[in-house]
Amino acid sequence: ALQKISSNAAKIEREMSPAEYEEFANLYRLVRVELNGLYELLAEKEREKYYGYFVAVTEYEKKIAEGVYNPDLDGVLKFD
């Protein structure tokens, strides 16, 4: 699914249609489900290591969805 998002996005050279937005949202949802499946396979120590990333991405997505994300105030996601 992740490769399909990348290859489909690379082909678009115009404003996306509502159907294309929906397609990308569905692909992204699938990627999140697949990543969660991989996360569940990790040992507990490794899960703890990546849990912070999950929380940060989830909060970022929530703000985007609610239309309240402001990069000047919220910053940019960094995973250093």
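To start, this report covers the structure provided alongside it.

So, how was this worked out
Residues numbered from 1 in each chain as written. Predicted model: local features only at pLDDT ≥ 70, side-chain atom pairs only at ≥ 80, totals over all residues. Heavy atoms only, no water. Salt bridge = Lys/Arg side-chain N within 4 Å of Asp/Glu carboxyl O. Buried < 20%, exposed > 50% of the residue type's maximum accessible area, 1.4 Å probe, protein only. Helix = DSSP H or I, 4+ residues; strand = E, 2+ residues; numbered from the N terminus. Axes fitted to C-alpha atoms, helices over the stretch in contact; angles between N-to-C directions. Parallel < 35°, antiparallel > 145°, perpendicular 65-115°, else oblique. Left-handed = near helix turned anticlockwise from the far one by under 90°. Contact = heavy atoms within 4.5 Å.

Things to note about the pattern of salt bridges
Reasoning step 1: With the rule as written, the count across this model stands at five salt bridges.
Reasoning step 2: Among the salt bridges present, the one from Arg47 reaches Glu40, with a minimum N-O distance of 3.9 Å.
Reasoning step 3: For Arg47, a relative accessible area of 22% corresponds to the partly exposed category.
Reasoning step 4: Among the residues examined, Glu40 registers a relative accessible area of 42% and is labelled partly exposed.
Reasoning step 5: Its salt-bridge partner being Arg47, residue Glu44 comes within 4.0 Å of it at the nearest N-O pair. Taken together, the residues span about one helical turn, with Glu44 and Arg47 both in helix 3 (residues 44–66) at a distance of three residues.
Reasoning step 6: Linked by salt bridges that have partners in common, Glu40, Glu44 and Arg47 make up one network.

Some words on the packing of helix 2 (residues 18–41) against helix 3
For any two helices packed against each other, one specifies the inter-axial angle together with the distance between the axes.
Reasoning step 1: Following both chains from N to C, one finds helix 2 and helix 3 inclined at 160°, their axes separated by 11 Å at the closest point. By the angle class used here, helix 2 and helix 3 are roughly antiparallel. As for the relative orientation of helix 2 and helix 3, their crossing is left-handed in sense. Packed against helix 2, whose contacting residues are Tyr28, Arg32, Tyr39 and Glu40, the element helix 3 presents Arg47, Tyr50, Tyr51, Phe54, Val57, Thr58 and Glu61 at the interface.

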